[in-house]
Every structure is written in structure tokens, then in C-alpha cells.
Amino acid sequence: MRLPEYADVRSASIMAADGGFSSQMLPCVFSPKSHQYLALCAQDGRLRIWNTDSKTLHQEYVPSAHLSATCTCIAWGPCRTAKEGPQRKKRKSEAGPPAETTDLLALGTAAGTILIYSTVKGALQCTLDGGHSGAVNSVQWHPEENVLYSGSDDAHIAEWDLQTGKMRCKWKADRTAVTSLCVSPNGKLLLSAGMTIKMWDLETKEVYRKFTGHSTMVTTLCFATTRPPDSDGMYFLSGAAHDRLLSVWQVRSDRKDKNAVVSFTLTDEPRHIDLLKSDSKEEAVRLAVVCKDGQLHLFEHFLNGPCKKPLSPGCSVQVSSAGGKSGEDDTPVPVPLLAASLNSDKQSLQLAYGSYLQPVIETTPVNTAERHICLVRDIQTTLSLSIDTAISMVKTPIVNEKKSKVLIPGLPGHQAPLKSAKQSSQPEKRKKGTPTEMTIEERLEQVELSAAGKGGEKGISTLQTDSYAVLLVQGLESKDKNILNRIFQIRKEMLIRNTVSRVPLPAILPLLEELSIKIQGHPNSAHAAVDWLKAVLTLHTSYLSSLPDLVSQLGRLYHLIESRVKGYQQLLRLHGKLYLLMTQVATSSSGHNVNELDHTAKLVYEEESSDEDEASGDEGLPEDESENWEEDEDDDGEDMDTMEERQNHADEEMREDSKANGDESDLDAENESEEE
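Values in this document were obtained by computation on a predicted structure and should not be read as measured data. (Residues numbered from 1 in each chain as written. Predicted model: local features only at pLDDT ≥ 70, side-chain atom pairs only at ≥ 80, totals over all residues. Heavy atoms only, no water.)

Moving on to the overall build of the chain. Looking only at helices and strands, the chain features 16 helices and 31 strands. Residue burial in the chain is summarised as follows: out of 676 residues, 37% are buried. Looking at the chain alone, contacts between residues at least 24 apart form 50% of all its contacts between residues at least 6 apart. As presented, the chain carries roughly 43,200 Å² of accessible surface, and 51% of it is formed by carbon and sulfur atoms. (Helix = DSSP H or I, 4+ residues; strand = E, 2+ residues; numbered from the N terminus. Buried < 20%, exposed > 50% of the residue type's maximum accessible area, 1.4 Å probe, protein only. Contact = heavy atoms within 4.5 Å. Areas by Shrake-Rupley, 256 points an atom, 1.4 Å probe, with all protein chains shown as cover.)

Written as C-alpha cells, this is what we have:
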């Protein structure tokens, strides 16, 4: 059986973790060789060691600073001979090789300290502090000596002597944080990784080789072979954050090892790796990789040189539940895998899946001939059986409903009739003066669906902002769509901001996921979800910017907003064209409805006849003067053009004309008067 989609694995992992609002992968490691124990740290900061044979909790340790200095990494120590209490002497026939068991466990914390826990004693053996100023990201044991190596955010590597509990030496490994370490099988080389991978000589503490090829922080390092480096047969694996490839590097004697020789394709970032190392070229390397999305990929490859094409997994395993709840679709729900280990028989796997607080451990055979395997498991039944078989110090008494009595608090001597729980089906009316606590159903009744937000009934106090915040957190934890829909339909801006400001920080990411789902839905619900999204991004910007994997957490919301913004300009242009078209249609339709124009004049102006104007205008004016007036107008038009040029000589010419023609002008005047 194969799941239709595996896109909800991350949400399933969040749901599987009890009370956890973060999808961060927590430390989870099987013990070496025998795989008898599984050590993991849950969200509460406690170390739990489970017995894989009996499927029960073997030990539990609570560090003194488990809340402030949480556990960041776990590493099992090498197997050693168990030294328990005094035992009777055995005969030579009964005597055999001493049994090797896993005892010590190293825990790196966010405060920079390292805790050494003994599973045989069931107590803390020692504490290594004073070596790092930042969080410890990786711890590795030396395979032969009693030495421990640790890498931290302060970009340093520390070497610890476990016999004295003190630090031997410390050196700077990179410019950025040291995120992963790995010691070679012969104990002479050490791999460290931040942005680049460096191989150190543990005797001189100098760089032996450098490997570059990852664009993000390297989170996984592991040696794949036990061959010496001079034989060109030493290989190691590396995986980086947000990278879906697992790279294989070869340590060559000619130092031509700048690029990875083999790469394995994955569905998500690698989180847990278990492999069976190769001793020779004829022996293949078997690899089991648990990815961040909860799937398991199995590989088998002969490491004898470079391979150009990435290798796909030979088999992929995923776990799913049997089906949905009653009354719902029986669609299987993916269950995330926490860790996996390869057994020596090469036919079976040991899996841990489900919740970090109570994982399900199972040994199952796997047919690697199939490319995809889906294991359907009823997790609820498995957990209920394990809880029933577990020893509990709390005993629940059996109550007989027929003989039991219900005591009602009141004044002494009160003779009110006693009512059982079944008889009092209807709730009593509350008095106005008695303060009572409202149930969830009553709170939901008080949440108004309208945008106006009317108040509650008389005598019942309306909900405050704290109640909305509590309801919102309860809805996110229980995935109750009814509560979330009622809360998201609030439209008051101040009420939304006050509610979002009171939401605890672990609930911010689930709230953003629900809002992104709402935005992708119906436009009415999307319009209401935008106001909530705006309030979350403005009020909790500092918390969101502090998340290390912000891109992966808000990837769907980022792509949604980016796609909407890209189409905004095109929508504006379309809106403008449609608006212009509608206005033209409206004006053309209104022009056809105009009535016929009235052509009758509102005002008539009549001019007088031209004969009357000539008679009235020419009376008392001589003909010569009228002609001279017209000629003067023509002369004036011509004289205006040459006035400036003749201005200097005009006075002299006028004087000469007046002297020469002075008598003639007088005669002309007399003749004109006689003619008149």
C-alpha cells in the first residue's frame, strides 16, 4: 500500500509530538552494535532510554538545567566490558569472553556544557564545562582512547580527557560554528564541518585536507569505509541543511579530491544515518537514511570510484496509521520515522517512529526488491497496550454508580435534595451575584459571528482578549476547525492585535500555517485571515526573525504571497481597461436615450436696415472729408511701418514745405469755401 501524498508528513510530525509546536528534529540515537537501547531527548528536556527488546522505558534522567540548557546532541560511547558488583567465581568451562555493553552516554547542551551519563549506574558520572562559550552542536568519542571531542557555536573544537574530566586542548576550526564531527575508525583523523569540511590530524592538530561543495551548513558527517587514507579507499559521507543530496567524498593520495565522487538523492534533508562500513572494494556499503519528512531510504553501493549520475534509493519505507477516526474518511495518515538501524542479518530493520515522548520501537523484515514500502500500523492500539502493560503506581478506584452519593457544598444543615450526575442533566440557572467559570461551549456561544460583535446576554460577562487567546491556543492544539473558524471571523482590528499579542511564542508557527491555509481557501475567509496575518507579522517579527529555519517554516506562505504580488500589476491593468470599457458603454447607451432637440430660438435679435444707417451716418459730412478719411486710414497703415525710420527727417521736411507752399495753401482754402 502506498500513500496518495506525503506532503503532510511535517504536519503529522508536529501532531505526533505531544505539545510541540516546532518541527525541529530532536536527538535520537540507537546504541552501537547490539542496538539494545534507544536514547532520545523530548521537548521537556528529559533524557529517556528505552529498551528495544521489551519496548519499555529503561531509565529516565532529568538534568538540573533541562529547561534553560536543553540537550542539543547525543552520542553513545564505545562498547566496553561491564564492571558490575561482585560475582561468584566461575569455572573454566563456564568462563567465556567478557560481555561488552554500552555504558556511557554524552549529552551536549545549549549552555556549552557536556554531561556524561552512565546507564549502568543510572546516574550522572561527570560534567565537562568551561570549554565552550556557545551551544554544543556535536560530540564524538574516540574509538580506542578515553577521549571525547566536541564542536560548538564558538567555532572551536575541544578535546576532553574523561579520566580527569578536564579539557586537554582547544583549537579554532572554522570562521563559523562547528556543526558536525566524526572520528575515523583508526582514531587518527577527525572530520569537522561548518560551511566547509576539514580533516584534522589528531596528533599535530593541523589540517590534513579540505573539502568544499556545500552551500549551507553541513549537519551530517560519517565515515563509510575502514580503509587507510593512503590506499585511495577512504570514503566519508556528508549532508547539509536544506539539501536533498547526500555526498560521498574520497580521500585520495594525489590530493585530487575537490569534488564529491558519488551522490545519493533524498526526498528531504538527512537527519539520521546508519550504515554498515565497507572493509574492501568487493564489499558494498549499506546505508539507511531517515529524512526530515519522516521517510526512510535504503542504499547499497560499491565505493570503488566516481559516479557521475546521482543514485536513487533502492528502497523507500514510510509508516502510516490504519485510517482516520470514526465518521471520517479512512485515509491513512503518515507517521514520521525518528531513527532506524541496520541489523547484521541484512534482512531486517529496527525502526523507531511516532512521538518523542513515547516512541514505538519495532523490528521488521524488509524486502529490498520493492522500491516503495508502506507499513500500516495502528499506533493508538499499540500505545494503549504498552500503557496497560506498564507498571503504574497510581491506582484508580472502581466507583459503583448505584451506591455512590454526590455531596453538594453548602451551609451546615442544608436539606436540599441530592441529585446525581445523571439526574442533573439541565444546568441550573446562575445567580447574578455568584461568579462562575464559563465552559468552552459557553465561550463559543459568546463569540459573535457578525463583524459588529454584539455583546453577550445580561448577567453573563462578555469574553475578554485573554479568553480569545486561550481559545485560539486550544484550537491550535486540538486542531478544532470549529473553534478556529469562529475566532478567525473576528474583524475588529484592536481585538485582533490584543489577541495575537497574548498568544504564546510556541503557537506562532501553527497559527501562521492555519492562516496560510485560510488564505488559499474561499475569498471571504481569506479576507478575514489577512487581518490576522498582518497582526502576527507585525507583532512577532523579532521572534520569527530569530528562527534558524525560517525559510522552511514559512515557505508555503512566502510562495503564496509572492505569486499573489506578481499578478497584482496585471490585475490593476485589467481593472483599468475594464473600467474604461464600462464607462464608454455607459456613455454610448445614455446617448441613445436623449430626446429630440427643440429647434425654436429662445432669443431673436433683429438688426436695423442699412439705408437708415447710411442716411443717419452721412448727414452733415462732406464727401471730400469722407474720402480723405478713408485715404488717411490707408496712409496711417503705411506710415506706421516707416514711422521709426523717418522720424529724424520728418521735422526738416515739414518746415521746407510750409515755407514754399504757404501762399498756395491759403488760396486753396479760399477756393474751397467759395465752392461750398
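In this section: the pattern of salt bridges. Scanning the model with the defined rule gives ten salt bridges in all. Between Arg-46 and Glu-60 there is a salt bridge, with its nearest N and O atoms 3.2 Å apart. You can see Arg-46 sitting in the loop between strand E2 (37–41) and strand E3 (47–51) and its partner Glu-60 sitting in strand E4 (residues 56–61), a full 14 residues away along the chain. Because the salt bridges share partners, they merge into one network encompassing Glu-159, Asp-161, Arg-168 and Lys-205. (Salt bridge = Lys/Arg side-chain N within 4 Å of Asp/Glu carboxyl O.)

With respect to the helices and strands, Gly-165 occurs in the loop between strand E13 (156–161) and strand E14 (166–172). With relative accessibility at 24%, the residue Gly-165 sits in the partly exposed group. Between the C-alpha atoms of Gly-165 and Gln-125, which are 40 residues apart in sequence, the distance is 9.9 Å.

Overall, antiparallel pairing links the four strands, which are arranged E11-E12-E13-E14 in an open sheet. Every interior strand has two partners, whereas the edge strands, strand E11 (136–141) and E14, have only one. Strand-to-strand twist across the sheet, computed as the mean angle between neighbouring axes with direction ignored, equals 20 degrees. In this sheet, E13 lies alongside strand E12 (residues 147–152) in antiparallel orientation, the contact comprising five bridges. Considered in E13, the bridge of Leu-148 is made with Trp-160. (Pairing = 2+ DSSP bridges. Axes fitted to C-alpha atoms, helices over the stretch in contact; angles between N-to-C directions.)

Compared with an ideal rise of 1.5 Å per residue, which puts 17 residues at 24 Å, helix H8 (residues 523–539) spans 24 Å between its outermost C-alpha atoms and is within 8% of the ideal. Considered for burial, the residues of H8 that qualify are Ala-526, Ala-528, Ala-529, Trp-532, Leu-533, Ala-535 and Val-536. (Expected span 1.5 Å × (residues − 1).)

Okay, unusual backbone geometry next. Phi at Ala-155 is positive, roughly 65 degrees, even though this residue is not glycine. Here the phi dihedral of Lys-479 falls at roughly 55 degrees; this positive angle occurs in a residue that is not glycine. Looking at the element boundaries, Lys-479 is found in the loop between helix H4 (465–478) and helix H5 (481–488). Accessibility expressed as a relative area gives 33% for Lys-479, which makes it partly exposed.

Moving on, we come to the nonpolar core. Ranked by size, the top nonpolar core spans 30 residues in total, and within it Leu-472, Ile-487, Phe-488, Leu-512, Leu-515 and Trp-532 carry the most contacts. Mapped onto this core, the elements with two or more residues apiece are H4, H5, helix H6 (493–501), helix H7 (508–519), H8 and helix H11 (555–566). Considering each element in turn, this core owes the most residues, six residues, to H7. When residues no more than four places from it in sequence are discounted, the contact partners of Leu-512 are Leu-533, Val-536, Leu-537, Leu-544, Leu-554 and Leu-557. Val-319, Val-335, Leu-351 and Tyr-353 belong to the second-largest nonpolar core, a separate cluster that totals 19 residues. (Core = buried A, V, L, I, M, F, W, Y, C linked by side-chain atoms within 4.5 Å.)

The next point concerns the confidence of the model for the chain. Model confidence for the chain is summarised by a mean pLDDT of 75, while 67% of its residues fall at 70 or above. Below a pLDDT of 50 lies the segment residues 387–396, which in the model reaches one contact outside its immediate sequence neighbourhood of four places, other chains included. (pLDDT = per-residue confidence, 0-100.)

Across the five residues that make up E3, a large majority, five, are buried. In the sheet, E2 pairs with E3 via five bridges, with the strands oriented antiparallel. Of the residues in E3, the one forming a bridge with Leu-38 is Trp-50. Connecting E2 to the next strand, E3, in antiparallel fashion are five residues, including Gly-45 with a positive phi near 80 degrees. Of the pairings in the sheet, the one linking E3 to E4 comprises five bridges and is antiparallel in character. Residue pairing for E4: Arg-48 is matched across the bridge by Glu-60.

So, on to the sheet that holds strand E15 (residues 180–183). Strand pairing in a sheet relies on backbone hydrogen bonds. The paired strands run either parallel or antiparallel. A sheet is described by the order of its strands in space; here four strands give the open sequence E15-E16-E17-E18, paired in antiparallel fashion. The sheet is open, and its two borders are formed by E15 and strand E18 (206–211), each paired with just one other strand. Averaged over all adjacent pairs, the angle separating strand axes in this sheet is 20 degrees, with direction ignored.

Here we come to the packing of aromatic side chains. By the definition in use, this model includes nine aromatic pairs. Relative to Tyr-117, the ring of Tyr-61 has its centre 5.2 Å away and its plane inclined at 35 degrees; by these criteria the two rings are tilted. A residue pair is termed long-range when its members are at least 10 positions apart, and Tyr-61 in strand E4 and Tyr-117 in strand E9 (residues 114–118) qualify at 56 residues. Taking relative accessible area as the criterion, Tyr-117 reaches 2% and is therefore assigned buried. Through pairs of rings, three or more aromatic residues link up here, namely Phe-211, Phe-223, Phe-236 and Trp-249. (Phe/Tyr/Trp six-rings, centres within 6.5 Å; stacked < 30°, edge-to-face > 60°.)

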